[in-house]
Amino acid sequence: MSDASPPRGGAARVEDLIGRISVVARRLARPVGLAGRIGLVAGLAVWLLLPAPLWPEPPSWWASALSLLVLLAPGAWLVVHRRWLDRAVTRASTLAPDAVATAQRTYGSLRPGERGTDESEPRPRGRLRRIWRFYRETVSPVQGLFTDALGVTAPFRPYTLAVSGVALALVLVLLVAVPVAVVVRVALVVT
């Protein structure tokens, strides 16, 4: 019994690996979005319990709005970071086949025997024309893919992950602050 599937090359393996990594990355990013939504609810709860303008002695409207923004910021950042991670993973999975094809084209254009053109064809004369052709056919496509790959890594950079770590810590503080805010509000209503 023979296997009817075609032999898998390097490009197919890279695409398969990128697909598997994207599935794992999406599953790992789900808790970030969940923590963001929990942070938004906890921030709103703390704001409603303490500085909201619906209590008998409300703060000024600008102080209330500023405190609402500060309390919602960690959860909002985590929700945005989750969406950013999803877009980056999706872009990475579509970037892999393009990168493999461009790398193969570039490699083929650099090797004289595999250029795909007849060597008897007239080549552009002049050093400037040859430099421009080399840039246009070889450097420019690789440079565009390199820029796209750097864009994919943006949500995984250290400072972005550090900001998300701080936001997660602040969400935990907000979760602890909700019962404290309930106790404070009950004490203020009783007195």
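Everything numeric here is computed off the predicted structure, so don't read it as measured data.

**Some words on the overall build of the protein chain**
Moving on, step 1. Counting secondary structure elements, the protein chain contains 4 helices and 0 strands.
Moving on, step 2. Along the protein chain, helices and strands appear, N-terminal first, in the series α-α-α-α.
Moving on, step 3. Within the protein chain, buried positions represent 24% of all 191 residues.
Moving on, step 4. Within the protein chain, counting contacts between residues at least 6 apart in sequence, those at least 24 apart form 78% of the total.
Moving on, step 5. Counting every atom, the protein chain has about 13,300 Å² of accessible surface; 69% of that belongs to carbon and sulfur.

**Description of helix H4 (residues 158–190)**
Working note: α-helix, 3.6 residues per turn, so residues spaced by three or four point in the same direction.
Moving on, step 1. With 33 residues, H4 should reach 48 Å at 1.5 Å per residue; the first-to-last C-alpha distance of 48 Å fits that figure.
Moving on, step 2. At alanine 177, H4 shows its largest bend, some 30°, and a proline, proline 179, comes one to four positions later.
Moving on, step 3. By the burial criterion, the buried members of H4 are Thr160, Ser164, Ala167, Val171, Leu174, Ala181 and Arg185.

**Things to note about a nonpolar patch on the surface**
Moving on, step 1. A cluster of nonpolar side chains, namely Leu50, Val176, Val180, Val184 and Leu188, defines an oily patch on the protein surface of about 410 Å² accessible area.
Moving on, step 2. Exposure remark for valine 184: the relative accessible area of 34% places this residue in the partly exposed category.

**Quick word on the nonpolar core**
Moving on, step 1. If you look at the biggest cluster of nonpolar residues, it comprises 6 residues: Ala42, Val46, Trp47, Ala52, Leu71 and Leu174.
Moving on, step 2. In terms of residue count, the dominant contributor to this core is helix H1 (residues 10–49) (3 residues).
Moving on, step 3. In contact with leucine 174, not counting residues within four places along its chain, are Gly39, Ala42, Gly43, Val46 and Leu71.
Moving on, step 4. The next biggest cluster of nonpolar side chains, apart from the first, holds 5 residues, and it includes Val32, Ala35, Leu78 and Val171.

**Points about the pattern of salt bridges**
Moving on, step 1. With the rule as written, the count across this model stands at 1 salt bridge.
Moving on, step 2. Arginine 82 is paired through a salt bridge with aspartate 86; the nearest N and O atoms lie 2.3 Å apart. In this pair, arginine 82 and aspartate 86 both sit in helix H2 (residues 61–110), 4 residues apart, roughly one turn of the helix.

**Focus: the side chain of serine 67**
Moving on, step 1. Mapped onto the elements, serine 67 comes out in helix H2.
Moving on, step 2. The class for serine 67 is buried, based on a relative accessible area of 19%.
Moving on, step 3. Polar side-chain contacts of serine 67 include one of 2.8 Å to the backbone oxygen of serine 64.
Moving on, step 4. With residues near it in sequence (within four places) discarded, serine 67 still touches Trp47 and Pro51.

**Quick word on the confidence of the model for the protein chain**
Moving on, step 1. Predicted confidence across the protein chain gives a mean pLDDT of 78, with 75% of residues reaching 70 or more.
Moving on, step 2. Within the protein chain, the lowest mean pLDDT, 73, falls on helix H3 (residues 127–152), and the highest, 89, falls on H4.
Moving on, step 3. In this model residues 1–7 is a low-confidence stretch, pLDDT under 50, and it forms 0 contacts with partners more than four residues away in sequence or in other chains.

**Digging into the side chain of arginine 82**
Moving on, step 1. For arginine 82, a relative accessible area of 18% corresponds to the buried category.
Moving on, step 2. Setting aside chain neighbours within four positions, we find arginine 82 in contact with Ala29, Arg30, Val32 and Gly33.

Rules used throughout
- Residues numbered from 1 in each chain as written.
- Predicted model: local features only at pLDDT ≥ 70, side-chain atom pairs only at ≥ 80, totals over all residues.
- Heavy atoms only, no water.
- Helix = DSSP H or I, 4+ residues; strand = E, 2+ residues; numbered from the N terminus.
- Buried < 20%, exposed > 50% of the residue type's maximum accessible area, 1.4 Å probe, protein only.
- Contact = heavy atoms within 4.5 Å.
- Areas by Shrake-Rupley, 256 points an atom, 1.4 Å probe, with all protein chains shown as cover.
- Expected span 1.5 Å × (residues − 1).
- Bend = angle between axes of the 7 residues up to and from the residue.
- Patch = residues over 30% accessible without salt bridge, like charges linked within 9 Å, V, L, I, M, F, W, Y side chains within 5 Å.
- Salt bridge = Lys/Arg side-chain N within 4 Å of Asp/Glu carboxyl O.
- Core = buried A, V, L, I, M, F, W, Y, C linked by side-chain atoms within 4.5 Å.
- Polar contact = N/O pair within 3.5 Å; in protein donor to acceptor, adjacent residues only side chain to side chain.
- pLDDT = per-residue confidence, 0-100.

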